[in-house]
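Coordinate analysis (summary)
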Protein chains: 2
Amino acid sequence: MTVVGRAADRSAEHGPASQQDMRRQNLAVVLGAVATHSPLSRADVAGRVGLTRAAVSSLVDELIGRGAVTEAAATASGRVGRPGRALTLRDEGPAGLGLEIGVTHLGACVVDLRGEPRVWRRVERANAGRPAGQVLAEAAALAAETEAEAAALGLRVEGRLLAVPGVVPNQPGGLVERAPNLGWCGVRLADHWPDPDTVPEPENEANLGALAEYWNAGRPEETFVHVSAGSGIGAALVIDGRLFRGARGFAGELGHLPVHPDGPECACGARGCLEQYAGEAAVRREAGLAGGPTGTGPGDPVALLAERAAAGHVPTLRALDRAGRALGLALTSAVDLVDPDSLVLGGAYAELAEWLVPPVRAELAARVTVRPWAPEALRPSALGRRGPLLGAALTTVRRIRADPTLLPAG
Amino acid sequence: MTVVGRAADRSAEHGPASQQDMRRQNLAVVLGAVATHSPLSRADVAGRVGLTRAAVSSLVDELIGRGAVTEAAATASGRVGRPGRALTLRDEGPAGLGLEIGVTHLGACVVDLRGEPRVWRRVERANAGRPAGQVLAEAAALAAETEAEAAALGLRVEGRLLAVPGVVPNQPGGLVERAPNLGWCGVRLADHWPDPDTVPEPENEANLGALAEYWNAGRPEETFVHVSAGSGIGAALVIDGRLFRGARGFAGELGHLPVHPDGPECACGARGCLEQYAGEAAVRREAGLAGGPTGTGPGDPVALLAERAAAGHVPTLRALDRAGRALGLALTSAVDLVDPDSLVLGGAYAELAEWLVPPVRAELAARVTVRPWAPEALRPSALGRRGPLLGAALTTVRRIRADPTLLPAG
DNA sequence: CTAATTTGTTGAGAGCCCTGACAAATACCC
DNA sequence: GGGTATTTGTCAGGGCTCTCAACAAATTAG
């Protein structure tokens, strides 16, 4: 059973506020303070967030009762006065499960409330073209193993998310509308998942990668565009610290931005889409690597590209430069439209950043002229291809942090 | 003295919640219900928003005390039971002042709490290149006259916004960072405004036009891109019903999207910017209207273009088609990135929509292929060039609706 | 050991909403 | 016309959650 659903969005927006809402928000505020500045005493929290010690005391009691926070022994602070008792996020109890279905692998991980990964599993599987039910059954088995391992560490999974390389509509319902690289179309997870109590919620992998990047390295309320190349090119927009999915969940479809309107025809029917220059297939073709293996196993094409580029292989360098310039053009549009704090190259791009960043920066410098723009605002992701899985697991943790009442009361 | 500042943003986000916050939100919820569905009785409001009649009664009493709502006589509803007393927004008392400085005119208007324009003034003035102080002094005089006229109608201006064709940074402080078409650079309104008690808050005209469009015709929580051509080409993003200004206030700089990366050089230093195809200067040049008059007076170039196009003037039609196709390319990028519910052609584009919409729709149909996209999602604005001024005035009204405690208690 | 300082808890009080009851005002029915 | 049903608006009582003020507990400084 999953306690944490899609409810954590604070977009009630126009409903009336109740005392419970107030309590909920203040629980979240206190938990957030403990999460980002622990260890903290009750008095520290009160001083930091602007509540009284009495109120914080009551809120902390509830958080302890719900299993989100623990109280360490007194801290010998060295300062005068009675020492406070240190509060920290629990490293047992509530946890989030992340799952990932890639073209060539399955992944699963569990993070504790602090956001630390505690279990991490990955198995290679050629998932492209296989029946969705078969893939999902294997994912469910991996999930069950992972949860069991987490349970041995004292962790109780409170929510499950599945990262997929495809389109997930905004409405809840567990539908993967399309995942071209897997060959999926209109797959409803609940129809194939063996255990109805553990059906995960699907989400686009690029979106989750962006959130992971934000939770891992972002500044509060930051606005940025996270570009990640998997089989397609996906961008995800994080606006004021929240994922922006667009009106129908299609936001960030960077791969088909028209960078050269009269360029080569794309599979989508248009001409000169970014994917024709910076997509995996285009880069491999251009670099003379067509038809090779895929995936992150031995012979992983991304690793191979990086290897050849590092060795000075000219066609590879030329292909990456061409990709970088096209990406720079597309990102110019993104910067003009969205005015982000930063741009992040994630996924496979993170591993090729050494060769992509210079041409991207050059295009941006030449074309983003009517506003301040610092080259350093473009940076590679620290998480790279681990982002989506981590983001999937962290989503549950962040939902709990945003609304601790999702946890069962003690 | 201005009661309403920039405070109405509900982005406290991570502060603690108090009972006053709860009260504030519930006042806003009740006021919002009255605003969108009036006339409504207290019981109607209670049923609609999910509060009890007792609570609504108390909230309505306070709204009446603050002068936001009035109580009409009993409504002879025809239904059984004691008739409710109809509540409506007041058409006297609190009001918003909008001001506009254009390249060729000054504008001012006052709207009442219902959002109805009650005073509307416009004077032609060649403002380009004149000292900012001089222009602002005239604007202040116009504002004073307009407020006086409003006062005669029983309206009390609670907040003032100034629409400018330029860049306004995110931080409050009344700074217009740059307004190229006026020749302004780093103008701080407070330094030039005669009366320190009535200094307006500047905001970009395209942003205000988009908000006006949203408040006038938008669906709740709608996400759309509002494109408006004035002297430059500005887009404004309304995301889930809120204006998105970007990390530094530069979001929506559509004019310099690279639509043909190797196209003609632009004044900004890059090549093939949208402005080279769909900007006012480019269209006029292409249509053979170079050097003519500007503004909306007699010989208004936009009206002239529309006139010639309607008459079948071939160069004009060709210029508009070229502009439309370039705009379609830029909007393809916007749709791919933002996935809006709709696209709105505002400002001068609204008056040329007849000739622009077909080529824009054609490009979108050809290039937006990987997601559902209905041609009708592109529509002309109903407000056209009146949008920015209306948006400026409505902003204050909307802030009051979002937080009625901004009004002085009765 | 005493004074000063800081922490965490407790009880009183205020603000706000909910519950339930009641008077007021209307329509329906005889 | 009068009684009943129905709906509205208000009032009193109660619960929840915060603030304020006071206090015991635990530590450092002298």
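Computed from a predicted model, the values in this text were never measured in an experiment. (Residues numbered from 1 in each chain as written. Chains lettered and ligands numbered in written order. Predicted model: local features only at pLDDT ≥ 70, side-chain atom pairs only at ≥ 80, totals over all residues. Heavy atoms only, no water.)

Observations regarding the protein's contact with DNA strand D
Cut-off, in case you're wondering: The nearness test applies per residue and asks whether one of its heavy atoms lies within 4 Å of the molecule or strand. The definition of a polar contact used here is a pair of N or O atoms within 3.5 Å, where within protein one atom must be able to donate a hydrogen and the other to accept one, and adjacent residues in sequence count solely through side-chain atom pairs.
Lining the immediate surroundings of DNA strand D are 27 residues, of which R23 of chain A together with Q19, S57, R82 and R85 of chain B lie closest. Sugar and phosphate atoms represent 65% of those atoms of DNA strand D found within 4 Å of the protein. Note that a phosphate oxygen of DNA strand D is positioned 2.8 Å from one of the side-chain N or O atoms of N26 of chain A. Side-chain polar atom of R53 of chain B to a base oxygen of DNA strand D: 2.8 Å apart, as the coordinates give it.

Some points on the interface of chain A and chain B
As a reminder of what qualifies: By definition in these notes, contact holds between two residues if any of their heavy atoms fall within 4.5 Å. Between Lys or Arg on one side and Asp or Glu on the other, a salt bridge is scored when a side-chain nitrogen of the former is within 4 Å of a carboxyl oxygen of the latter. Numbered from the N terminus, helices here are DSSP runs of H or I no shorter than four residues, and strands are runs of E no shorter than two. Lys, Arg, Asp and Glu make up the charged group, whereas Ala, Val, Leu, Ile, Met, Phe, Trp, Tyr, Cys and Pro make up the nonpolar group; the residues left over, Gly among them, are polar.
Contacts between the two partners involve 60 residues from chain A and, on the opposite side, 60 residues from chain B. Linking D339 of chain B and R248 of chain A is a salt bridge whose minimum nitrogen-to-oxygen distance equals 3.3 Å. Seen at the junction of chain A and chain B, the total is 30 residue pairs in polar contact (both at pLDDT 80 or more). At the level of elements, α1 (19-37), β11 (233-239), β12 (242-244), α10 (314-338) and α12 (353-367) of chain A are the ones that each hand at least two residues to the side of chain A that touches chain B. Here the element with the most residues in the side of chain A that touches chain B is α10 of chain A; it accounts for seven residues. In the side of chain A that touches chain B, the residues fall into 28 nonpolar, 17 polar and 15 charged.

With respect to unusual backbone geometry
For the record, the criterion: Summary of the burial criterion: residues with accessible area below 20% of their type's maximum are buried, those above 50% are exposed, and those between are partly exposed, where the area comes from a 1.4 Å probe applied to protein chains only.
The residue after S38 of chain A, namely P39 of chain A, is reached through a cis peptide bond having omega 0°. Mapped onto the elements of the fold, P39 of chain A is located in the loop between α1 and α2 (42-49). In this structure, D339 of chain A takes a positive phi of about 50° despite not being glycine. Mapped onto the elements, D339 of chain A comes out in the loop between α10 and β13 (342-347). By relative accessible area, which is 0% here, D339 of chain A ends up buried. In this structure, E221 of chain B is a non-glycine residue whose phi angle is positive, near 65°.

Examining the packing of aromatic side chains
All names here are of chain B. Rule in force here: Pairing of aromatic rings covers Phe, Tyr and the six-membered ring of Trp, with a centre-to-centre limit of 6.5 Å; geometry is then stacked below 30 degrees between planes, edge-to-face above 60, and tilted otherwise.
Counted under the stated rule, the structure contains two aromatic pairs over all chains. Arranged with centres 6.3 Å apart and planes meeting at 35°, the rings of Y214 and F224 form a pair that is tilted. Residue Y214 is located in helix α6 (residues 205-217), and its partner F224 is located in strand β10 (residues 224-229); the two are separated by ten residues in the primary sequence. Given a relative accessible area of 11%, Y214 falls into the buried group. Residue classification places F224 among the buried residues on the basis of a relative accessible area of 1%.

A look at the domain arrangement of chain A
Residue and element names in this part refer to chain A. Operational definition: In this document the domain limits rely on a domain assignment from an automatic tool or a database. By definition, the buried area sums, over both parts, the 1.4 Å-probe accessible area that each loses when the two are put together.
Here the domain parsing of chain A yields domain 1 (20-90), domain 2 (94-208 + 388-401) and domain 3 (218-383). One C-alpha centre belongs to domain 2, the other to domain 3; they are set 25 Å apart. Where domain 2 abuts domain 3, roughly 1200 Å² becomes buried across the two surfaces, and 43% of that area is made up of carbon and sulfur atoms. Per-residue buried area on domain 2 facing domain 3 is highest for N170, A206 and N207; these three make up 42% of the total on that side. Taken together, the links from domain 2 to domain 3 amount to one salt bridge. Between E203 and R245 there is a salt bridge; the shortest N-O distance is 2.9 Å. Across the domain 2-domain 3 interface, the total number found is five residue pairs in polar contact (both at pLDDT 80 or more). Among the elements of the structure, β5 (117-124) and α6 (205-217) are those that each provide at least two residues to the side of domain 2 that touches domain 3.

Side note on the sheet that holds strand β14 (residues 378-380) of chain B
Residue and element names in this part refer to chain B. For the record, the criterion: Note on pairing: DSSP must find at least two bridges between two strands before they are called paired. Working convention: axes come from line fits to C-alpha atoms, limited for helices to the stretch in contact. Angles between N-to-C directions cover 0 to 180 degrees.
The mixed open sheet is built from five strands, whose spatial order is β12-β11-β10-β13-β14. Each edge of the open sheet carries a strand with a single partner, namely β12 (242-244) and β14. The average undirected angle you get between the axes of adjacent strands in this sheet is 30°. Looking at chain direction, strand β11 (residues 233-239) and β12 are connected through three bridges and run antiparallel. Bridging from a neighbouring strand, V238 pairs with L243 of β12. Against the sheet, α6 contacts β10, β11, β12, β13 (342-347) and β14, and its axis sits at roughly 130° relative to β10.

A closer look at the sheet that holds strand β3 (residues 93-101) of chain A
All names here are of chain A. The sheet built from five strands is open, its strands ordered β5-β4-β3-β6-β9 with mixed pairing. Of all the strands in the sheet, the pair left with one neighbour each is β5 and β9 (201-204). Adjacent strand axes in the sheet meet at a mean angle of 20°, parallel and antiparallel pairs treated alike. Relative to β5, strand β4 (residues 105-112) is paired through seven bridges, and the arrangement is antiparallel. Across the sheet, V110 pairs through a bridge with V119, a residue of β5. Running at roughly 150° to β3, helix α13 (residues 387-402) makes contact with β3, β4, β5, β6 (155-164) and β9 of the sheet.

Regarding the packing of α1 of chain A against helix α3 (residues 53-65) of chain A
Residue and element names in this part refer to chain A. Short version of the rule: To sort the angles, those under 35 degrees are grouped as roughly parallel, those over 145 as roughly antiparallel, those from 65 to 115 as roughly perpendicular, and the leftovers as oblique.
Running from N to C, α1 and α3 point in directions that differ by 80°, and their axes come no closer than 10 Å. One element, α1, and the other, α3, form an angle in the roughly perpendicular class. Contacts from R23, N26, L27, V30 and L31 of α1 reach α3 at S58, L59, V60, E62 and L63. Looking at side-chain class alone, the contact of α1 with α3 contains six nonpolar, two polar and two charged residues.

Quick word on the protein's contact with DNA strand C
In the neighbourhood of DNA strand C, 28 residues make up the surrounding shell, with Q19, R53, S57 and R85 of chain A together with R23 of chain B lying closest. The share of sugar and phosphate among atoms of DNA strand C within 4 Å of the protein is 65%. R85 of chain A places a main-chain nitrogen or oxygen 2.6 Å from a phosphate oxygen of DNA strand C. Secondary-structure elements contributing two or more residues to the surface near DNA strand C are α2 and α3 of chain A together with α1 (19-37) and α3 (53-65) of chain B. For the surface near DNA strand C, the element with the highest residue contribution is α1 of chain B, accounting for four residues. Here the residues of the surface near DNA strand C are counted per class, giving ten nonpolar, nine polar and nine charged.

Some words on the packing of α1 of chain A against α2 of chain A
Between two packed helices, both the angle of their axes relative to each other and the distance between the axes serve to describe the pair. Residues and elements named next belong to chain A. Direction vectors running N to C along α1 and α2 enclose 110°, while the axes themselves pass 10 Å from each other. It follows that α1 is roughly perpendicular to α2 by the angle criterion. Two secondary-structure elements touch here, α1 through V29, V30, A33, V34 and H37 and α2 through V45, R48 and V49. Its residues placed into classes, the contact of α1 with α2 shows six nonpolar, one polar and one charged.

Considering the relation of the copies chain A and chain B
Convention followed: C-alpha atoms of residues with pLDDT of at least 70 in both copies form the basis for the least-squares superposition of the copies.
Of the transformation superimposing chain A on chain B, the axial component is 0.0 Å and the angular component is 180°, with the fit at an RMSD of 0.0 Å. When the rotation and shift are considered jointly, the pair of chain copies conforms to a two-fold rotation axis. Of the interface residues in chain A, 100% have counterparts in chain B that sit at the interface too, so the contact is made through matching surfaces.

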